[in-house]
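# Fold and contact review
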Amino acid sequence: MNKVILIGRLARDPELRTTAGNISVATFTLAVSRPFTPQNGGDSGADFISCVVWRRAAENLAKYCHKGSQVAVEGRIQTRNYTAQDGTKRYVTEVLVDNLTFLGSRSDNSGNAASIDNVGGSYPANGGYDANNYASTPNYSTPMDVANVPTTDISEDPFKDFGEEITLSDDDLPF
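Keep in mind that what you see is a predicted model, and the values were worked out from it rather than measured. (Residues numbered from 1 in each chain as written. Predicted model: local features only at pLDDT ≥ 70, side-chain atom pairs only at ≥ 80, totals over all residues. Heavy atoms only, no water.)

### Looking at the pairing of strand β1 (residues 4-10)
With five of seven residues buried, β1 is to be regarded as a mostly interior element. Two elements, β1 and strand β3 (residues 24-33), share two bridges in a ladder whose sense is antiparallel. Within the sheet, the bridge partner assigned to Arg9 lies in β3 and is Ala31. (Buried < 20%, exposed > 50% of the residue type's maximum accessible area, 1.4 Å probe, protein only. Helix = DSSP H or I, 4+ residues; strand = E, 2+ residues; numbered from the N terminus. Pairing = 2+ DSSP bridges.)

### Side note on the pairing of β3
Counting buried residues in β3 gives nine out of ten residues, a clear majority hidden from the surface. Relative to β3, strand β2 (residues 15-18) runs antiparallel, the two being bridged by four bridges. Residue pairing across strands places Glu15 opposite Thr27, the latter belonging to β3. The turn linking β2 back onto β3 is made up of five residues, and Asn22 within it adopts a positive phi angle of 65°. Two strands pair when backbone bridges link them, and β3 and strand β4 (residues 46-54) are joined in this way by nine bridges, in the antiparallel orientation.

### Topic: the environment of Ile77
Note on placement: Ile77 falls in strand β5 (residues 70-83). A relative accessible area of 40% places Ile77 in the partly exposed class. Sequence spacing of Ile77 and Asn2 is 75 residues, and the spatial spacing of their C-alpha atoms is 6.6 Å. Residue contacts for Ile77: discarding those within four places in its chain leaves Asn2, Val4, Thr93 and Glu94. (Contact = heavy atoms within 4.5 Å.)

Right under this line is the structure:
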């Protein structure tokens, strides 16, 4: 299985290009913090991971995100090679993004009003951007009203109308 899920900040502004077939593609570098603290007490550092996103998600990334913006990516690792101008063969390993979610920008942490919260949401990178799905994306920047959260009454058996009770022994189970 080839699946990658990363959360990090853009190390630089995304680079948006268009192919000869008029398809948008954006490349960006994601800085992902390492989850440990070194014994010397210094900075744990980060890994800088090259990513590629296509179509509408690429356009939205370039439009709404910039250096320092926090995003989540879901995709797969891809390795490709090419011949450089000097004739040497070069290898590139990158994340081919299938799903991109905007989480915020660095200015969100400093209290500035400028943010991408009003853009929000998740953008499928395969071109399947759905405006209706975008409109229904919840806004997690406001506190939840717990008084209106639906609950389930567990005082009665939820399976009471599904027929007769079945008795199983340990010998009936395959594990």
